[in-house]
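Listed below are the residues making up each chain.
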Amino acid sequence: MQKRNFVSYFLIFLALSLIIFGASKIGLLKPLDSLGKGILSPFQALTYGAFAKITDFGSNSQVKALQAQNLKLTKKLVDQNKLIADNKALRDQFQIQNPKSTSLIEADVIGAPVFIPGISVPETLILNRGENDGVKAGQAVIYEANLIGKVAEASAFSSSVILVSNASLSFTAKSLETQSQGVVKGQGGGEMILDNVLLTDSLQKQDTVLTKGDVNAEGSGFPPDLVVGKIVSISKNPSDLFQKADVKSLIDFSKLTKVFVIANY
Amino acid sequence: MKLLVFTLLIIALILEASLTTIPFVFLVLLCLLVLLRENWLFVFAFAFGLVLDLVSFKTLGISSAFFVVFLFLVLLYQSKFEIATNAFIFFSSLLGSFAYLMILGYNNSLILQTILSSIIGLLLFKLVRGLKVKIYG
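Residues numbered from 1 in each chain as written. Chains lettered and ligands numbered in written order. Predicted model: local features only at pLDDT ≥ 70, side-chain atom pairs only at ≥ 80, totals over all residues.

1. So, unusual backbone geometry
Put simply, the test is: Working definition: helices are DSSP H or I runs of at least four residues, strands are E runs of at least two. Numbering for both runs from the N terminus.
Even without a glycine there, the phi angle at Ala145 of chain A is positive, about 65°. Inspection of the secondary structure puts Ala145 of chain A in the loop between β3 (140-143) and β4 (146-154).

2. Re the interface of chain B and chain A
The line we're drawing: Contacts are defined on C-beta atoms placed from the backbone: any two residues whose C-beta positions lie within 7 Å are in contact. Under the scheme applied here, ten amino acids are nonpolar (Ala, Val, Leu, Ile, Met, Phe, Trp, Tyr, Cys and Pro), four are charged (Asp, Glu, Lys and Arg), and all others, including Gly, are polar.
At the interface, 30 residues of chain B touch 36 residues of chain A. Of all the secondary-structure elements, those providing two or more residues to the side of chain B that touches chain A are α1 (2-18), α3 (41-55) and α4 (62-78) of chain B. Examining the composition of the side of chain B that touches chain A, we find that seven residues originate from one element, α4 of chain B, more than from any other. Looking at the side of chain B that touches chain A residue by residue, the classes come out as 16 nonpolar, twelve polar and two charged.

3. Things to note about the environment of Ile20 of chain A
Mapped onto the elements, Ile20 of chain A comes out in helix α1 (residues 3-25). Once residues within four sequence positions are removed from consideration, Ile20 of chain A is found in contact with Leu29 of chain A together with Leu50, Leu60 and Gly61 of chain B.

4. Quick word on the domain arrangement of chain A
All names here are of chain A. The line we're drawing: Per the annotation, domain bounds derive from an automatic or database assignment of domains.
Entries for chain A in the domain assignment read domain 1 (56-164 + 252-262) and domain 2 (170-248). Each partner contributes to the interface: domain 1 provides 19 residues, whereas domain 2 provides 17 residues. By residue number, the principal contributor to the side of domain 1 that touches domain 2 is helix α3 (residues 61-88), which donates four residues. Counted by class, the side of domain 1 that touches domain 2 contains ten nonpolar, six polar and three charged residues.

5. Quick notes on the packing of α1 of chain B against helix α2 (residues 24-36) of chain B
Residue and element names in this part refer to chain B. What counts here: Structural elements are reduced to axes, namely lines fitted to C-alpha atoms, with helices fitted over the stretch in contact, and the angle between N-to-C directions of any two is expressed from 0 to 180 degrees. Geometric relationships in this document are graded by angle, where less than 35 degrees denotes roughly parallel, more than 145 denotes roughly antiparallel, 65 to 115 denotes roughly perpendicular, and other angles denote oblique. Helix crossings fall into two classes, left-handed where the near helix is turned counterclockwise from the far one by less than a right angle and right-handed where it is turned clockwise.
Where α1 meets α2, the axes come as close as 8 Å, and the angle between the chain directions of the two elements is 160°. Classified by the angle their axes make, α1 and α2 are roughly antiparallel. The way α1 lies across α2 gives a crossing that is right-handed. Contacts from Val5, Leu8, Leu9, Ala12, Leu13, Leu15 and Glu16 of α1 reach α2 at Phe24, Val25, Val28 and Leu32. Among the residues making up the contact of α1 with α2, the classes are represented as ten nonpolar, no polar and one charged.

In structure tokens form, the structure reads like this:
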């Protein structure tokens, strides 16, 4: 191979890559980008669906049924507490369901790149719904009232979601049992902590952690009372300003195939 | 030969697009370059980098630029040293995977991912070399 030959190939394709990179950064290629994603997302869905079926094969159906029942019961508990609180405030003329099903957009997971598929916990998900379906960046993504993550980016036909356990995500939360408030911070690898909880507040193992709610004026953000997970351990040191707790989601993110985007709260 | 290259890259793209963060496309490109040393691999590096950015929600062109630069560095190195060796594949895939994963922000288990990537790179090298001998002699 002649050196001059490969240098010219290198320069041409590097220049092309950099031009595309620059144009993409400033948003000039958004229509093309959306079109490309629209064409490729069905193939991505096919691959992800096939792999999900392979990894699901042979899993214990009784354990799966119990996990599903656990999710339903937690959702009921949260709904019930919400109803009790509303009744106390003499607002029982409205039947509250959180979140309202009319504001949900159903989406299939078409990609969840992880280190070792089926074993590692993903940090992001790719969904087959985008701006054309009403999905926007910043919206919350849930599954059976459990918080899954936040839409990071949306193209016309697909979108990417940052999971709650992603290290780049943090939001205000509270304990269902004691109403202690704190900040949930993703730690990566499926781990989360509830930090900045006052030492005087009471936290206990198996407490349910809920979102406190930070919806903005456009209706995007995390609505209140979505289940984040359960407290698995507490770290409380009298010399510290705050106490913190490890939180585990009730959802196995690596096995998700369907989620819901809260379009408007 | 181009059909074999295309097929291997498509398989790598499918794996990387929906299932894993291990940089399969990069590893396949590296192995192919070391074995074939053809200029047209730059075209494949550019095109597959773009498609990979599209499906993984990265800024378009970032993977293409990385692939093109890395292939160029490998070709520069081959003018002075022998590159079709297991040691070269192992260390270049180790270095390349580390840089690529860092650039794309896959910082979770970075060291483990990099080591696994270089082992996969080595296995891919042996597989592609075997395929090349079997199909094309």
